[in-house]
Amino acid sequence: MGAKCSIGLSVFFFFLFCGLLIGLSCTIVRDYLQTANYKETKCNVQRSTYEHDQLEFWPNCNFDCEKVYDKDGIQSECLLSQFPCLQVIVNHFYDDQLIETTLHATPEQARKYPKCSVDVCYQDSKRNADFVRKWQKTYGQPGMTHVCYYNELDKEKREVVLDVPQTAATAIHALVWPSIGIFLSIIAFILTLVRAHLQRTREEKLRETSEGRRFKAKSSSTREKKMNPAEVAM
């Protein structure tokens, strides 16, 4: 019973860590691979401006979407909101060359809104504007210096972000610890099988020894019975 429980636990943890490894590979490791080409540098804020002050010229964003089924298949219907497009202009050095560009919050944000430094999408546009103003005060004041990351694949090195989702250390941890768990589960499974085999072999030897002793005792008893009539005749 103990061996069966140990084998069951080993198999359970093996599949658990395999699932964890797959899940982390599809999230953390994937995000890291998508941003592994970003290298750290220093960004100096030069100025920050808004592309348009009027609400009707603000970028649109989808704050609530739902799937709709019709004759053409599944479609998404989204409610729209708007946010002001803040542009934080920074410069950074690359190969002794001073490059001026727009600072973006994240790589994903840079892809969605290449002209804007940050995006936000609440239902209330005024709440979006408040968020952008706070972000400007935190990161967009002239004279500020931030640790930032430039895209090495960008020839002009103008794609600069304030934060990347995952670092190399995080990706390594996401791969190493589940792999260790898988390895230990396999070792535990093998050791349980070996221990069960040794236990079975020991029990078979004890059974053979016990049967041998019974056979010897039976043989001795049979010889004694055969010898008794002769002894009586004498």
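Scroll up to find the structure.
As a starting point, this report considers the structure included with it.

The rules behind each value
Residues numbered from 1 in each chain as written. Predicted model: local features only at pLDDT ≥ 70, side-chain atom pairs only at ≥ 80, totals over all residues. Heavy atoms only, no water. Helix = DSSP H or I, 4+ residues; strand = E, 2+ residues; numbered from the N terminus. Buried < 20%, exposed > 50% of the residue type's maximum accessible area, 1.4 Å probe, protein only. Areas by Shrake-Rupley, 256 points an atom, 1.4 Å probe, with all protein chains shown as cover. Disulfide = S-S within 2.5 Å. Phe/Tyr/Trp six-rings, centres within 6.5 Å; stacked < 30°, edge-to-face > 60°. Lys NZ or Arg CZ within 6 Å of the ring centre and 35° of its normal. Pairing = 2+ DSSP bridges. Core = buried A, V, L, I, M, F, W, Y, C linked by side-chain atoms within 4.5 Å. Contact = heavy atoms within 4.5 Å. Polar contact = N/O pair within 3.5 Å; in protein donor to acceptor, adjacent residues only side chain to side chain.

## Looking at the overall build of the protein chain
Of the regular secondary structure elements, the protein chain holds 4 helices and 7 strands. Element order for the protein chain, N to C, with α for helix and β for strand: α-β-β-β-β-β-α-α-β-β-α. Residue burial in the protein chain is summarised as follows: out of 234 residues, 28% are buried. A total of about 16,300 Å² of accessible surface is found on the protein chain, and carbon and sulfur atoms cover 58% of it.

## Things to note about the state of the cysteines
Applying the stated criterion across every chain, the model contains 3 disulfides. Two residues, Cys43 and Cys148, share a disulfide whose sulfurs are 1.9 Å apart. Handedness of the Cys43-Cys148 disulfide follows from its S-S torsion of about 85 degrees: it is right-handed. Here Cys148 lies in strand β6 (residues 145-151) and Cys43 lies in strand β1 (residues 38-50), a separation of 105 residues in the sequence. Judged by relative accessible area, Cys43 falls into the buried class, the value being 0%.

## A few points about the packing of aromatic side chains
The relative placement of two aromatic rings is captured by the distance of their centres and the angle of their planes. For the structure on display, the rule yields 6 aromatic pairs. On the numbers, 5.0 Å between centres and 90 degrees between planes, the contact of Phe83 with Tyr113 is edge-to-face. In this pair, Phe83 sits in the loop between β3 (73-82) and β4 (86-94) while Tyr113 sits in the loop between α2 (107-112) and α3 (125-139), placing the two residues 30 residues apart along the sequence. Assigned by exposure class, Phe83 and Tyr113 land together as buried. An aromatic cluster is present here, built from Phe12, Phe13 and Phe17 joined pairwise through their rings. Arg127 extends its terminal NZ or CZ atom over the ring of Tyr122, reaching a point 3.7 Å from the ring centre.

## Concerning the pairing of β4
Of all the 9 residues making up β4, 7 are buried; the element is thus mostly covered by neighbouring parts of the structure. Where β1 and β4 come together, 6 bridges link them in antiparallel fashion. Note on β4: the bridge partner recorded for Tyr50 is Leu86. Bridging between β4 and strand β5 (residues 97-104) involves 7 bridges; their strand directions are antiparallel. Paired with Asn91 across the strands is Glu100, a residue of β5. Connecting β4 to the next strand, β5, in antiparallel fashion are 2 residues, including Asp95 with a positive phi near 55 degrees.

## Re the nonpolar core
The biggest cluster of nonpolar side chains holds 20 residues, and the ones touching the most others in it are Phe83, Val88, Val90, Leu103, Trp135 and Val160. Among the elements of the structure, β1, β4, α3 and β6 are those that each provide at least two residues to this core. Take this core: its biggest share by element is 3 residues, from β4. Other than its neighbours up to four places away in sequence, Val90 contacts Cys43, Asn44, Val45, Gln46, Ile99, Glu100, Thr101 and Leu103.

## Description of the side chain of Ser48
Here Ser48 lies in strand β1. One polar contact links Ser48 to Gln136, side chain to side chain, over a distance of 2.8 Å. Excluding residues that lie within four positions of it along the chain, Ser48 makes contacts with Leu86, Gln87, Val88, Gln136 and Gly140.

## Let's talk about the sheet that holds β1
Spatially, the 5 strands close up into a barrel ordered β1-β4-β5-β7-β6, and their pairing is mixed. As paired strands, β6 and strand β7 (residues 160-161) are joined by 2 bridges and run antiparallel to one another. Bridged to Tyr149 within β7 is Val161.

## Thoughts on the environment of Arg158
Of note, Arg158 is situated in the loop between β6 and β7. For the pair Arg158 and Val90, spaced 68 residues apart in sequence, the C-alpha to C-alpha distance is 10.0 Å.

## Examining unusual backbone geometry
Of note, the phi angle at Asp95 is positive, near 55 degrees, even though the residue is not glycine. With respect to the element layout, Asp95 can be found in the loop between β4 and β5. Phi angles above zero are rare outside glycine, and Asp96 is one such case at about 65 degrees. Within the element layout of this structure, Asp96 appears in the loop between β4 and β5.

Shape is all these values report; function is a separate question.
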